[in-house]
Amino acid sequence: MVLVLGLLAAGPAWAEEKAGLHVIQGGPAYFNAGIGAFNAAGVEPGPGHRGNATLPEIDLEYQSASKLFGVGALWGVVANTNGGFMGYTGLYSDIAWDHWVLTPVLGMGGYNEGRGKYLDGTFQFRLELSLAYQFADQSRLGIKIAHISNAYIANEDPGEDEVLLTYAVPLSFGDHS
């Protein structure tokens, strides 16, 4: 994550020197949908806790078109088949090289475990990193890895990891090119 923040701080001047590598400053808003596995790495919870199964999940995310220095806002929800879900908001950036787009996300929100994994608290942080191929129509197909954690602001931090296949559709009403 430190590397990504360093890339953002270096700004577009640095990107222009690097043969096509650049932080996307404008463009459309995106609706991003993903399907995958919740608790994919099988991170073990503490003794006596339930809900450590790897479960199917869906992730829906809106990425705003408005960006300041290449950083935009996003809102999303992730839900698994045991009734666990998290609503979140955060910041993202798109780093492009040719047709490939790397998107790091730092977010936070509220988690409800349902009948699923215990994460020791409602307030959680969310980290994401996705790599997608951008087609000529600006839609994107990619893979996302994500992690939900309380960052030890509670007694325990069992955390969970996700792997998702994603598809993002550009939204014309949010175009800020």
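These figures come from a predicted structure and were not determined experimentally.

### Quick word on the packing of aromatic side chains
Link 1 in the chain: Tallied over the full model, the rule gives four aromatic pairs.
Link 2 in the chain: A ring pair is formed by Y62 and W75, whose centres lie 6.0 Å apart and whose planes are at 25 degrees; its orientation type is stacked. Here W75 lies in strand 4 (residues 71-80) and Y62 lies in strand 3 (residues 55-68), a separation of 13 residues in the sequence.
Link 3 in the chain: Classification of W75 as partly exposed rests on a relative accessible area of 45%.

### Here's the deal with unusual backbone geometry
Link 1 in the chain: A positive phi is found at A151, a non-glycine position, where the angle reads about 55 degrees.
Link 2 in the chain: Judged by its relative accessible area of 46%, A151 falls in the partly exposed class.
Link 3 in the chain: With a phi angle near 60 degrees, Y152 is a residue other than glycine that sits in the positive phi range.
Link 4 in the chain: Relative to the helices and strands, Y152 resides in the loop between strand 9 (140-149) and strand 10 (160-171).

### Here's the deal with the pattern of salt bridges
Link 1 in the chain: Applying the stated criterion across every chain yields a total of eight salt bridges.
Link 2 in the chain: Linking E128 and R126 is a salt bridge whose minimum nitrogen-to-oxygen distance equals 2.8 Å.
Link 3 in the chain: Bridged by salt links that share partners, the residues D59, E61, R126, E128, K144 and E162 form one connected network.

### Things to note about the environment of Y92
Link 1 in the chain: Looking at the element boundaries, Y92 is found in strand 5 (residues 85-93).
Link 2 in the chain: The buried category is assigned to Y92, whose relative accessible area is 2%.
Link 3 in the chain: Distance in space between the C-alpha atoms of Y92 and S64 is 9.3 Å, their sequence separation being 28 residues.
Link 4 in the chain: For Y92, the residues in contact, after removing those within four places along its chain, are Q63, S64, K67, G70, V71, G72, A73, L74, T103, P104 and V105.
Link 5 in the chain: Reaching out from Y92, the side chain makes a polar contact with the backbone oxygen of S64 at a distance of 2.5 Å.

### Digging into the nonpolar core
Link 1 in the chain: Counting 11 residues, the largest nonpolar core consists of F38, L55, L74, V78, M86, Y88, Y92, V105, Y111, L119 and I148.
Link 2 in the chain: Every element with two or more residues in this core is listed here: strand 4, strand 5 and strand 7 (100-112).
Link 3 in the chain: Top contributing element to this core by residue count: strand 5, with three residues.
Link 4 in the chain: In this structure F38 touches A53, T54, L55, E57, N80, Y111, K117, E160, D161 and E162, once residues within four positions along its chain are discounted.

### Some thoughts on the confidence of the model for the protein
Link 1 in the chain: In the predicted model, the protein carries a mean pLDDT of 86, and 81% of its residues have values of at least 70.
Link 2 in the chain: Mean pLDDT values for the elements of the protein range from 43 in helix 1 (residues 2-17) up to 98 in strand 5.
Link 3 in the chain: Predicted confidence is poor over residues 1-18, with pLDDT under 50, and the contacts of this stretch with residues over four places away or in other chains come to 17 contacts.

### What to know about the side chain of D94
Link 1 in the chain: Examined against the element boundaries, D94 turns out to sit in the loop between strand 5 and strand 6 (95-97).
Link 2 in the chain: D94 sits in the buried class, given a relative accessible area of 1%.
Link 3 in the chain: For D94, the side chain forms a polar contact with the side chain of K67, separated by 3.4 Å.
Link 4 in the chain: If sequence neighbours within four positions are ignored, D94 has contacts with H22, V23, I24, K67, G70, V101, L102, T103 and R140.

### Let's talk about the pairing of strand 8 (residues 123-134)
Two faces belong to every sheet, and in a regular strand the side chains alternate between them.
Link 1 in the chain: Here strand 8 shows a buried face lined by Q124, R126, E128, S130, A132 and Q134 and an unburied face lined by F123, F125, L127, L129, L131 and Y133.
Link 2 in the chain: Bridge count between strand 8 and strand 9: 10 bridges; the pairing is antiparallel. Directly across from F125, in strand 9, lies its bridge partner S149.
Link 3 in the chain: Linking strand 8 to strand 9, which pair antiparallel, is a turn of five residues; within it Q138 sits at a positive phi near 75 degrees.

### Here we look at the pairing of strand 4
Link 1 in the chain: The side-chain alternation of strand 4 yields one buried face, formed by G72, L74, G76, V78 and N80, and one unburied face, formed by V71, A73, W75, V77 and A79.
Link 2 in the chain: Summarising the sheet, strand 3 and strand 4 pair through nine bridges and their orientation is antiparallel. Of the residues in strand 4, the one forming a bridge with K67 is G72.
Link 3 in the chain: Joining the antiparallel neighbours strand 3 and strand 4 is a turn of two residues, in which F69 adopts a positive phi near 55 degrees.
Link 4 in the chain: Here nine bridges tie strand 4 to strand 5, and the two strands are oriented antiparallel to one another. In the sheet register, L74 faces strand 5, and the bridge partner there is G90.
Link 5 in the chain: Hairpin connection of strand 4 to strand 5: four residues between the antiparallel strands, including G83 at a positive phi of 85 degrees.

Cut-off values and rules
- Residues numbered from 1 in each chain as written.
- Predicted model: local features only at pLDDT ≥ 70, side-chain atom pairs only at ≥ 80, totals over all residues.
- Heavy atoms only, no water.
- Phe/Tyr/Trp six-rings, centres within 6.5 Å; stacked < 30°, edge-to-face > 60°.
- Helix = DSSP H or I, 4+ residues; strand = E, 2+ residues; numbered from the N terminus.
- Buried < 20%, exposed > 50% of the residue type's maximum accessible area, 1.4 Å probe, protein only.
- Salt bridge = Lys/Arg side-chain N within 4 Å of Asp/Glu carboxyl O.
- Contact = heavy atoms within 4.5 Å.
- Polar contact = N/O pair within 3.5 Å; in protein donor to acceptor, adjacent residues only side chain to side chain.
- Core = buried A, V, L, I, M, F, W, Y, C linked by side-chain atoms within 4.5 Å.
- pLDDT = per-residue confidence, 0-100.
- Pairing = 2+ DSSP bridges.

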